[in-house]
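In case you want the letters, here they are:
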Amino acid sequence: MTRDYPDEPADKFPGPPRTVTDREGREVELLAADASDHDGVLEMYLSFDPADRAQGIPPAREEAIEDWLDTILGEDTLNVVAVHEGSVVGHATLVPDRHGEHELAIFVLQPFQGAGIGTNLVETLLGLAQSEGLEKVWLTVERWNDPAVALYKKVGFETTEAESFEIEMSILL
Amino acid sequence: MDILLGVGGSELSYHALEETVERAQATGDELTVAIFHNEEVSADAEEIRERVETTLAETDFDATIRRLEGDSPGSELVSMAESDGFDRIVLGGGERSTLGKIQLGAIVEFVLLNSQTPVTLIR
Ligand SMILES: CC(C)(COP(=O)(O)OP(=O)(O)OC[C@H]1O[C@@H](n2cnc3c(N)ncnc32)[C@H](O)[C@@H]1OP(=O)(O)O)[C@@H](O)C(=O)NCCC(=O)NCCS
């Protein structure tokens with residue numbers, strides 16, 4: 001299967017670390033993360049609202065979350081967390097697929113949604129990806145997930161497939 | 001019950017075959033396996049048929065094998081289920097990407113949205 005990508009590469013994104021103030025006036029640090037940040041990330045997913053799950057992730061049970069974290073914090077992945085007052089409140093990840101391209105996912109804790117943190121997280125993760133030399137990033141998102149689709153479009157993702165329940169989008173870095 | 005199982009050659013479709021045979025052996029359901037070509041999978045109908053026959057032989061279970069021709073397997077499966085009075089359609093589906101996101105293929109999606117016959121999705 002070959003995936004389509006935009007013809008033109010995206011502009012340069014800011015990389016981590018960054019500190020931003022969200023629309024509610026909360027100070028949020030955007031930091032690169034890896035397996036050593038496991039505990040903080042786990043903490044966030046344990047308090048994640050099950051209604052906000054997307055396409056089966058994050059998994060519901062703690063053991064399944066642990067297995068999933070092993071994958072997404074594993075070798076050759078890139079991660080950025082949003083930290084407010086010492087707690088992880090958002091997380092975005094890039095995981096290599098079988099073709100050497102990278103799949104993106106992002107989660108922001110419910111009380112922190114809609115304040116611009118998601119946009120900053122994705123931009124910072126793409127900035128990190130650019131500095132690591134990644135070129136092809138893709139994702140799928142449920143058609144009815146308006147905030148996510150709006151965010152991805154705003155950042156520069158283009159829709160490559162819109163015929164099924166999930167929309168596929170991609171960006172060239 | 002008369003079960004119509006669609007097999008398009010993905011790993012999940014073979015998994016669904018094994019599960020369905022096991023269940024049918026326990027319940028006495030009649031099974032028809034409909035083989036089709038899934039664009040998202042690189043397996044031709046002959047390969048799939050061989051794999052299905054092997055599984056049936058190994059489990060010592062009798063099922064009817066049919067071949068869906070044409071390039072809209074989802075719609076053919078739905079029509080076959082209705083015209084031949086099947087009680088249930090079974091499909092494997094809901095593949096996970098490396099990252100863990102579940103994605104439904106186009107055939108599964110068509111069947112879920114269009115079937116009047118109850119559908120069971122095995123993953
Ligand atoms: C999708 C998600 C990551 C967005 O994070 P966020 O921090 O809320 O995003 P932002 O505040 O940066 O908003 C991004 C854009 O989404 C849109 N948006 C935000 N809330 C919205 C809502 N309730 N309805 C429709 N659009 C909305 C806006 O266009 C916004 O852009 P703007 O700030 O320039 O107006 C977050 O809602 C989330 O974690 N959802 C659950 C998990 C999920 O679905 N993840 C995506 C698939 S992996």
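For the structure itself, consult the block above.
Computed from a predicted model, the values in this text were never measured in an experiment.

Caption draft 1: Seen up close, the overall build of chain A. Helix and strand content of chain A: four helices and eight strands. Order of helices (α) and strands (β) in chain A, N terminus to C terminus: β-β-α-α-β-β-β-α-β-α-β-β. Taking the principal axes of the C-alpha coordinates as reference, chain A spans close to 40 × 30 × 30 Å. Across the 173 residues that make up chain A, the buried fraction comes to 54%. Long-range contacts, defined here as pairs at least 24 residues apart, represent 61% of the contacts in chain A between residues at least 6 apart. Just so you have it, chain A exposes about 8,600 Å², and 44% of that area is on carbon and sulfur atoms.

Caption draft 2: View of the interface of chain A and chain B. Listed per partner, the contact involves 20 residues of chain A and 11 residues of chain B. Here chain A meets chain B over a buried area of about 1,300 Å², counting both sides, of which 56% is carbon and sulfur. The three residues of chain A that bury the most area against chain B are Q55, E103 and F165 of chain A, which together make up 38% of that side's buried surface. On inspection of chain A and its partner chain B, the count reaches zero salt bridges. Linking chain A with chain B are six residue pairs in polar contact (both at pLDDT 80 or more), by the criterion used here. Put simply, the parts of the chain that give the side of chain A that touches chain B at least two residues each are α2 (62-72), β4 (87-96), β5 (102-108) and β6 (136-142) of chain A.

Each value, and the rule that gives it
Residues numbered from 1 in each chain as written. Chains lettered and ligands numbered in written order. Predicted model: local features only at pLDDT ≥ 70, side-chain atom pairs only at ≥ 80, totals over all residues. Heavy atoms only, no water. Helix = DSSP H or I, 4+ residues; strand = E, 2+ residues; numbered from the N terminus. Buried < 20%, exposed > 50% of the residue type's maximum accessible area, 1.4 Å probe, protein only. Contact = heavy atoms within 4.5 Å. Areas by Shrake-Rupley, 256 points an atom, 1.4 Å probe, with all protein chains shown as cover. Buried area = accessible area lost by both parts, 1.4 Å probe. Salt bridge = Lys/Arg side-chain N within 4 Å of Asp/Glu carboxyl O. Polar contact = N/O pair within 3.5 Å; in protein donor to acceptor, adjacent residues only side chain to side chain.

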